[in-house]
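Commentary on secondary and tertiary structure
This is what each chain is made of:
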Amino acid sequence: MIVVHAAWLDGRLCLWAEDTDTPPAQRRGRRPKIPAHPFAVPGLRLDEDTGLQATRTLTLPTRGDLPEPSPAASVRLPPADAPLRLSEWTVDTIEYDADDAYALLRSSLVAITGNDGDGDDDFVFGETIRALATVATFAGSLVRRGRMLPGLTGAEARWVPVLTGRDAAYTRSLALSLPQAVLGGAPSRAALLTEVLDTLVDAAARAVLPPATHRLTGVAGAWLTALTGTDRAVEGPPAELDALSADLRAWQADAVGGAVRACFRLAAPPDPGTIEYARLDLDDDEEPEWRLEFALQAADEPSLVVDAATVWQAPGPIELSQWQVPAPQETLLAELGRASRLYPALEDSLRSARPAALTLDTAGAHQLLSEHAPLLSAAGFGMLLPGWWRKPQARLGARLTARSPSTTQPGTVATKSAVGLGSVVDYRWELAIGGDPLTGEEMRRLADSKASLVRLRGEWVELDQRRLAAGLEIMRRQAEDAEMTVADLLHLAGGDTEGPGGLPVEVTADGWLGDLLSGDTELRVPAATPPARFEGSLRPYQLRGLSWLSFLESAGLGGILADDMGLGKTVQLLALLAGDAPGPTLLICPMSLVGNWQREAAKFAPALRVHVHHGAERARGADFRAAVAASDLVITTYSIAARDAAALKSLPWHRLVLDEAQAVKNAATKQAVAVRGLPARHRIAVTGTPVENRLADLWSIMDFANPGLLGSATKFRERFAEPVERRGDADAAARLRRITQPFVLRRLKTDRGIISDLPEKLEMEVLCNLTREQASLYQAVVDEMLGKIERSDGVARRGLVLATMTRLKQICNHPAHAMRDGSRLAGRSGKLQRLEEILDEVLAAGERALVFTQYAEFGGMLRAHLSARLGREVAYLHGGLDKPARDALVARFQAATPSSPPVFVLSLKAGGTGLTLTAANHVVHVDRWWNPAVEDQATDRAFRIGQRRAVQVRKFVTAGTVEEKIAAMITEKRGLAAKIVGTGEQWLTELSTAELRSLLALEAGAVVE
């Protein structure tokens, strides 16, 4: 492995490389005064076009007789007790001047090394390169924001950075973060950063500026010309150059503050003490006086301030932080003069011999706060503004108070009188400041004041006249205002809809609407009692789930029961279904779960009349209608629901339940459209994964449960999906969470407050190596398929990409899986070897294991091989088994008798949901689905209620292959689901050929020797 490093020496970017695979013992000889770095790559060549070769001496951390390896290296470290010191070492470098250095640091890491991604080189980039790349990014940001000035250094035209305020603070943090190895011979990190930033800002400015087009001649003309392009030299008589340089330095000092700057503090008028009554404190004929006080402030320590009065009384120099101000009076006057160019009102103060403050009226104070203060702050001046400025409580807003529509009592049966999202609510608007409503007299006086700053009840507040006008219009039209529905109220409370006139809105409600808006519905809803027909006991969290479901049903609202796998969603639903209802419930689930629902219903609610609508002999027409009329619960599958949509739609269902509701995550599929079109007074979606890959999954499921709540699919994509998924918009994610939270109940097994008797789940990634045969096949497929992909486009290209991914994953499993030649399995796969070792340990301990693969064909191969290898029966569940065979296989494994199979191989699609397999406490994912939600569902066949032992989950990843690179990306999909309560493998098809080449390249170290 080669680790590429950077140093900054003599105004150049110097790259050198560390070969961590070469042991130091191979580089022997007489030790010179400054030894060569034992791991440095000799004769380094990274770029044939612009880099210059050189040999440099670097001061690097050293332990014992060896330089300290970089964190990215895999070199064996010297003894830990050896002292760490700085020593000099020589390295061969490739060096770049300023313009090339900036281009390299801002470009991709592939461009830095000149590596074309063909897999011949294995580069890792050290923290020194990343640190300098961060500086280059900052330099580009300064240029984009215009935070630079032109200057003349010696006989060269230069752009220099302007560092004030936050930029100055960030510069200090950058200096502290520079690694020791980047310093070279610089005296300090701060000195090096100043040099690097000055150089890169100049290069960044030249990278974006067009060539000069002025008509000036002489030294000034030559200087302007040299400010663009790559030739920085300014030719002219030395005396004229010196004069121009002096003028530019004076201009820069006048334009940019130094270590000590002017500071302005705005003091509000004194409080007249009239806080006993609710009116504007100021009489109409009073004009309050605001005072803008002057001071000097240390730019690096804003807390150190010397007021103007002290400055004028100072007999000599004053000290601020580590800076001594030799002429404080002149400094203050100069700073005030500089500030007056941005804030002309200061000119009146400068006519005084000793200016200390500026008096403002209320309009002038508001203009300062809203317009001039941001400009002065951006220019580097200190601004000390009143604490209430820019706080929400100092702004005008609106408060909406709503009354809950009447409902049936929570916990009872919802009928046609239930309200739902479309119900109209009674509401009342109020204008408020800081959450306190305004009286009619206060609103009248505010409207008459025409002021932008007013003192109300003893506090100063900003009054936006546009918002005030909108608020007054709301009050005037309140009696005539349009209807507001429950859905409108939820969107307004969630922040997805802006208040009238842009007013910020606080929404409050009483009754069940208030509970719904609280976001804490599970704890606030009235407790429900399990019905008499329910035979079983509910855990506390399950009883709260029943109460939540009953509450939503009483309000005519749908919900998503999204408890973690294994927490008993089925039991909670059966407790709800066992209650009295005015009509039957239609339950739609995958075919594999029909039998499970029948068994669970017979166990926990035997009095329920259950009818299964499935199979070729299922009832139709009048027979079906009669069967439904005689049933409390009708169970069918998603495929049958799509085929018999017309018959199902003709019946008046009281309740519609979707189990494993992620089956309708793709809203455009035939079964999703059919299911959403079924009529029901109450809808429930049951899923452990409300967000599998994309937020569109959540929209589709929520649109089933509460149609229209999230708007159309297009509007949802614009408002939420794209901002959250593409830009990581935290505000959009928070708004979506607030809107959906009342309708999604999700509890996790890992939360000890939910369930305390579930054992630990230990998850680990197991890195497996390729055999030489696998590596050869892998590289051949990459070489062949990349050529085809490069020559194709559109649908054909996407198909080739997915085909390539599938073939490579099969090779990672086993050569026989990819070749389909029926050849032997033993000794030819790193994964298979590791699986055999794990299963040997499992069986030796008398335990049981589930082995998941996404490929049914490979599952069959594993079953045959493992049965012979282990000398024990290995069960295999796949989609080709009928229901009786599946049930019998599961029952035998769960029996956990000496004659039961100890190893259960399962196809991920067929066995990843709906099964309880707690007899196993080991789970092995032989190949990754690249969808964490699907993997978690499969794992939860063993990690669920009833499990008494710690569950060990091993996820195989082949080192150095596409599997290892994508495994890191899986974490991002987990973050998306957690953020709200990514797209399968399709996103891979959109990668460029260069990105695919990098993704698919076989890394060094992937092959087992």
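Here is a short report on the structure shown in this document. What you see is a predicted model, and the numbers here were worked out from it, not measured in a lab.

Definitions and limits used
- Residues numbered from 1 in each chain as written.
- Predicted model: local features only at pLDDT ≥ 70, side-chain atom pairs only at ≥ 80, totals over all residues.
- Heavy atoms only, no water.
- Buried < 20%, exposed > 50% of the residue type's maximum accessible area, 1.4 Å probe, protein only.
- Helix = DSSP H or I, 4+ residues; strand = E, 2+ residues; numbered from the N terminus.
- Pairing = 2+ DSSP bridges.
- Disulfide = S-S within 2.5 Å.
- Phe/Tyr/Trp six-rings, centres within 6.5 Å; stacked < 30°, edge-to-face > 60°.
- Core = buried A, V, L, I, M, F, W, Y, C linked by side-chain atoms within 4.5 Å.
- Contact = heavy atoms within 4.5 Å.

Structural notes on the pairing of strand E27 (residues 680–686)
Each regular strand carries side chains that alternate between the two faces of the sheet. Taken across its seven residues, E27 has five buried, putting it largely inside the fold. Two elements, strand E22 (residues 559–561) and E27, share three bridges in a ladder whose sense is parallel. The partner of Ile560 across the bridge, within E27, is Ala685. Relative to E27, strand E26 (residues 653–659) is paired through six bridges, and the arrangement is parallel. Each bridged residue has a counterpart across the sheet, and for Leu656 the counterpart in E27 is Arg683.

Quick look at the state of the cysteines
Counted according to the given criterion, the structure contains zero disulfides. Cysteine Cys812 remains unbridged, with the sulfur of Cys768 as its closest cysteine sulfur at 9.7 Å. On the basis of relative accessible area, Cys812 is assigned to the buried category, the value being 1%.

What about the packing of aromatic side chains?
Going through the model one piece at a time under the given rule, you end up with nine aromatic pairs. Between Trp290 and Trp388, the ring centres sit 6.3 Å apart and the planes meet at 65°, which makes this aromatic pair edge-to-face. Taken together, the residues span a long stretch of sequence, with Trp290 in strand E10 (residues 290–298) and Trp388 in the loop between strand E15 (382–384) and strand E16 (396–403) at a distance of 98 residues. Summarising the burial analysis for this pair, Trp290 and Trp388 share the class buried. Every member of this aromatic cluster is reached through a ring pair, and the members are Trp290, Trp388, Trp389 and Trp460.

Description of the nonpolar core
Residues Leu516, Ile560, Leu573, Ile588 and Phe743 are the most contacted members of the largest nonpolar core, which totals 105 residues. Among all residues touching Ile560, those that are not within four sequence positions of it are Trp548, Ala685, Thr687, Leu698, Ile701, Met702, Ala705, Phe743, Val744 and Leu745. Val4, Met148, Ala204 and Leu248 belong to the second largest nonpolar core, which has 47 residues in total.

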